[in-house]
Amino acid sequence: MSYYKIFIIILIIFLKTGNVLSLENIFNVNNIEISKKSNNSNEDLTNKAIKKGFKILLEKILLNKDIKKLTGLEFYEIKKLVSYYQIVDEEENIGKDEVIFNIFFDKDKLHSLFYNKNISYSDISDKELYLLPVILKKNQIFIYNNNYFYNNWNKIYQSELIEFILPIESIEVIQNISSNKENLFGIDLQNLFREYENKNLAFVLIEDRGSEEEKIYLRTKILNKKIDKTIKVKKETNTKKFNDEIIKVISIELVNIIKAQNLIDVRVPSFLNAKLIINKKNNLVELNDRLQNIDTIDGIFVQEFNNKYVLLKLRYLGKLDKIINQLNQQNIMLEYTNNQWNFTIKNEPVNF
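Residues numbered from 1 in each chain as written. Predicted model: local features only at pLDDT ≥ 70, side-chain atom pairs only at ≥ 80, totals over all residues. Heavy atoms only, no water.

## Let's talk about the overall build of the protein chain
Consideration 1: Counting its regular elements, the protein chain contains 11 helices and 16 strands.
Consideration 2: In the protein chain, which comprises 352 residues, the share counted as buried stands at 43%.
Consideration 3: Taking the intrachain contacts of the protein chain between residues at least 6 apart in sequence as the baseline, contacts between residues at least 24 apart amount to 64%. (Helix = DSSP H or I, 4+ residues; strand = E, 2+ residues; numbered from the N terminus. Buried < 20%, exposed > 50% of the residue type's maximum accessible area, 1.4 Å probe, protein only. Contact = heavy atoms within 4.5 Å.)

## Focus: the confidence of the model for the protein chain
Consideration 1: Chain-level pLDDT for the protein chain is 86 on average; 89% of the residues reach the 70-or-more range.
Consideration 2: Predicted confidence for residues 17–21 stays below pLDDT 50, and this span has 4 contacts to residues more than four positions away or in other chains. (pLDDT = per-residue confidence, 0-100.)

## A closer look at the sheet that holds strand E2 (residues 82–87)
By definition, the strands of a sheet pair up through backbone hydrogen bonds, in either a parallel or an antiparallel sense.
Consideration 1: Here we have 3 strands laid out as an open sheet, ordered E1-E3-E2, and antiparallel in their pairing. If you trace the sheet from one side to the other, it starts and ends with strand E1 (28–35) and E2, each paired once. Across the sheet, the mean angle separating the axes of adjacent strands is 25 degrees when strand polarity is ignored.
Consideration 2: As judged from the 6 bridges shared by E1 and strand E3 (residues 98–105), these two strands associate in the antiparallel manner. Looking at the pairing, Glu33 lines up with Ile100 of E3.
Consideration 3: Against the sheet, helix H2 (residues 42–61) makes contact with E1, E2 and E3, and its axis sits at roughly 135 degrees relative to E1, the strand it touches most. (Pairing = 2+ DSSP bridges. Axes fitted to C-alpha atoms, helices over the stretch in contact; angles between N-to-C directions.)

## Focus: the pattern of salt bridges
Consideration 1: Summed over all chains, the structure comprises 13 salt bridges.
Consideration 2: A salt bridge links Lys69 to Asp66; the shortest N-O distance between them is 3.2 Å.
Consideration 3: Judged by relative accessible area, Lys69 falls into the partly exposed class, the value being 38%.
Consideration 4: In this structure, Asp298 and Arg315 form a salt bridge, with 3.5 Å as the shortest nitrogen-oxygen distance. Remark: Arg315 occurs in strand E14 (residues 309–316) and Asp298 occurs in strand E13 (residues 297–305); sequence separation between them is 17 residues.
Consideration 5: Of the residues examined, Asp298 reaches a relative accessible area of 24% and is grouped as partly exposed. (Salt bridge = Lys/Arg side-chain N within 4 Å of Asp/Glu carboxyl O.)

This is the structure in structure tokens:
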């Protein structure tokens, strides 16, 4: 095949737009319920959905301090950020009291907005947090038994951003905590969570001192970074209500910690040169389709090509280990051999 034909094929592949209807995009907000009244027009309902969707999006990807930077944004400015909206099961909504929308926000326009406002956003790839809450009361330690927090955490608080996983009862954990009872706050998380290497971890120590304020100690390991915090919660006469409040306060704090460790600065892109060997397994079209599903990839450029391989330059946002993890989630292996990054496409199916 001539170089001219190869060049045309590559241009067609990499100028092809990604799947704009992918529901998994970080900038999409799905299943927005809008109550409708007899005098509501479709435009009224859509505008309400966009307003609600934008609020949900900001709460999902921004820290509170950055959400405040966008409080003065006019609705016409917000509406310009929408690339597409979808009414879910439109025919089935006839006669119902609410309409369900999916709102698809434009990544490039949001990046431009964040750039101008000096805002970093959070793209959380690992949503699992292994959490162990422990009660310290009158020199007694409650790990699994008689521990309201362990038994009720996910009943009281759930987040779309983070999945709180409470490990099953383990004699090794009991022994580990017992051997560190004189210094629980200094406990080694990786030693405590031996089965969950390289996972996000959190040890929550609730110290019940019977005072007006209770101290909660957080020891976390997020993206292999250790972060410790102490939080005070005012006590209430209703014990259940107080315990539920502790769960909510700590859960929100843990979500914010994880968001802060997954921030992406649109002002500071990184670049990666990688080669794809052209063969039946390494299909160029398939590679492009999968790359289009990674939000943090901000540009794909052809550096060199022939009938044996294509050398691509990726412009991406965030850290290298994060982009490697996201590539792996799309069944794309990125390996460094012979002073060169190389792509390999795995044959497993990808969930788009």
